[in-house]
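The primary structure of each chain is shown beneath.
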Amino acid sequence: MTVGPTAVRVCRTWTLLYTRGLPVEIRERRRQEIESDLWEQLHDSNEPTRRGVLGRTLRGIHADVWWRYRTLLEQRGARQRSHDMKKTTGSGTWWVPVTVVLGVVIATMGILGLALGDAGEGGSGAKVLASLPPAIGGFLVIGGLAARRQRLVTGSRLVIAGAVLAALDPLFIPVAALVIIGGLWTGNLVTNDRDDRPRVELPGHSMTGGWYRWLVAAALLGAAGFAVLIVWENSGIVPDDCTEANPCWEDSVAWLAWILSWLSAMVTGGIGIVLGVLRYFSRHHTRPA
Amino acid sequence: MLPLEVAILSTAIDFVASGTGRFHGFLLAKHLRGAEGAKLLTAHGTLYKALSRMEKAGWLVSEWEDPEAAADEGRPRRRLYEMTAAGHAALARATEQASPAPPRDVGWNPV
């Protein structure tokens, strides 16, 4: 194959990459089929080679990725998936203890708030009302966790609902976000196709293994917010008569964007830190049999 | 059935009619492009994913060609596909579903 070496190399490299780790028979079949296809295209006098090969490779990437995903799932088999699910939703994962702690803490806070609220002392009842979400959330989290043993999807939904209620208190947003993400994955709520239940942790790709990506995302979000503010301050868009005493909406929008980006960065960074700590202490991996 | 699957089965029937019978991926891609008047060949991923799915569905069967035949021509061996009776039936069903239903007589017709 002397024509279009770069395009051919890209195609071969990509094929080697997305078939990597698949069963030998499936892997070799796909690789040989692509090799044959490449040969046919490169030796067909009517076909534009370089762009044609590269285009066919690039346009099919999403299908290749999806095919690999489906192949992995099918190979694993229902029995193995069930086994994996038990392992990933069992007490050995980091997600369960984190969820238990969140549930117990917010339930306790809620109960204390309800018991010691000011409704009975002539108060406005605001403290009692404010204690309701964490109390309900705590019970949903704990109840959902217990229900997951029998009804995985329903239990996971309850846990997620409880975590959402917990997140009403900004203090719990990072942990609640972690519980929600873990609940979505371990509860098979990510895809609609229940036969294609994703494994929680692919080999070498555990959830905690990606902790640094959250920190990078946090840094980018923070930088973006800072950039918005700098650009806004120096762009001259803000009218001169905008002051702290007489703020204009343009100025408010800039500050709102800055505050939102920094809040997002804090939440994202918090998730990254928690995942990193869990990674450090647990070193948990779930590997397929 | 997806449009690509319909197109593949229709092309497979054309191959049978022309006496080709069995076909390989690149040949199929070329004919698909011609049939649809498209400029580009079907992407590798899209084509082979569809072929794999259709084989699992029992609409196609495939096997590697004789290695010696490929070696004689100095090329990699081809995976040859062939349409099955189930494929014919599936295409017929898909065509039937795609064709517009005859207009229903909705007028009042006292008996």
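Right above here is the structure, for reference.
Residues numbered from 1 in each chain as written. Chains lettered and ligands numbered in written order. Predicted model: local features only at pLDDT ≥ 70, side-chain atom pairs only at ≥ 80, totals over all residues. Heavy atoms only, no water.

Here we take up the overall build of chain A. Regarding its fold elements, chain A presents 10 helices and zero strands. Secondary structure elements in chain A, listed N-terminal to C-terminal, are α-α-α-α-α-α-α-α-α-α. Looking at the 289 residues of chain A, the share that counts as buried comes to 40%. The contacts of chain A with a sequence gap of at least 6 include a subset with a gap of at least 24, amounting to 69%. Summed over its atoms, the accessible surface of chain A is roughly 16,200 Å², and 65% of this surface lies on carbon and sulfur atoms. (Helix = DSSP H or I, 4+ residues; strand = E, 2+ residues; numbered from the N terminus. Buried < 20%, exposed > 50% of the residue type's maximum accessible area, 1.4 Å probe, protein only. Contact = heavy atoms within 4.5 Å. Areas by Shrake-Rupley, 256 points an atom, 1.4 Å probe, with all protein chains shown as cover.)

Much of the literature gives interface size as the accessible area that the parts lose upon coming together. With 25 residues of chain A in contact, the opposing surface of chain B contributes 29 residues. Across the chain A/chain B interface, buried area totals approximately 2,300 Å², and carbon plus sulfur atoms make up 52% of it. Taken as a group, Arg29(A), Glu33(A) and Arg56(A) account for 26% of the area that chain A buries against chain B, more than any other trio of residues on that side. At the junction of chain A with chain B, the criterion picks out four salt bridges. Lys30(B) is paired through a salt bridge with Asp44(A); the nearest N and O atoms lie 2.6 Å apart. Linking chain A with chain B are 13 residue pairs in polar contact (both at pLDDT 80 or more), by the criterion used here. Sorting the residues of the side of chain A that touches chain B by element identifies helix H2 (24-42), helix H3 (50-59) and helix H4 (61-89) of chain A as the ones contributing at least two each. Of the residues assigned to the side of chain A that touches chain B, the class counts are seven nonpolar, six polar and 12 charged. (Buried area = accessible area lost by both parts, 1.4 Å probe. Salt bridge = Lys/Arg side-chain N within 4 Å of Asp/Glu carboxyl O. Polar contact = N/O pair within 3.5 Å; in protein donor to acceptor, adjacent residues only side chain to side chain. Nonpolar A, V, L, I, M, F, W, Y, C, P; charged D, E, K, R; others polar.)

Residue and element names in this part refer to chain A. Summed over the entire model, instances satisfying the criterion amount to five aromatic pairs over all chains. A ring pair is formed by Trp66 and Tyr69, whose centres lie 5.0 Å apart and whose planes are at 35°; its orientation type is tilted. With a gap of three residues between them, Trp66 and Tyr69 both fall in helix H4, about one helical turn apart. Look at Trp66 and you get partly exposed, because its relative accessible area is 39%. The class for Tyr69 is partly exposed, based on a relative accessible area of 24%. (Phe/Tyr/Trp six-rings, centres within 6.5 Å; stacked < 30°, edge-to-face > 60°.)

This part covers the environment of Ile26(A). Residue and element names in this part refer to chain A. Positionally, Ile26 belongs in helix H2. Given the relative accessible area of 23%, Ile26 is considered partly exposed. For the pair Ile26 and Thr71, spaced 45 residues apart in sequence, the C-alpha separation works out to 8.7 Å. With residues near it in sequence (within four places) discarded, Ile26 still touches Trp67, Thr71 and Gln75.

With that settled, consider the nonpolar core. Counting 34 residues, the largest nonpolar core has Ile8(B), Leu28(B), Leu51(B) and Leu60(B) as its most contacted members. Among the secondary structure elements, those contributing two or more residues to this core are helix H1 (5-18) and H2 of chain A together with helix H1 (3-17), helix H2 (25-36), helix H3 (44-56), strand S2 (79-83) and helix H5 (85-98) of chain B. Here this core gets six residues from one element, more than from any other, and that element is H1(B). Non-local contacts of Leu60(B), meaning those with residues more than four positions away in its chain, are made with Ile8(B), Leu9(B), Phe23(B), Leu51(B), Met54(B), Glu55(B), Tyr81(B), Glu82(B), Met83(B) and Thr84(B). Judged by nonpolar contacts, the second largest core, of 18 residues, contains Trp95(A), Leu145(A), Ala176(A) and Leu278(A). (Core = buried A, V, L, I, M, F, W, Y, C linked by side-chain atoms within 4.5 Å.)

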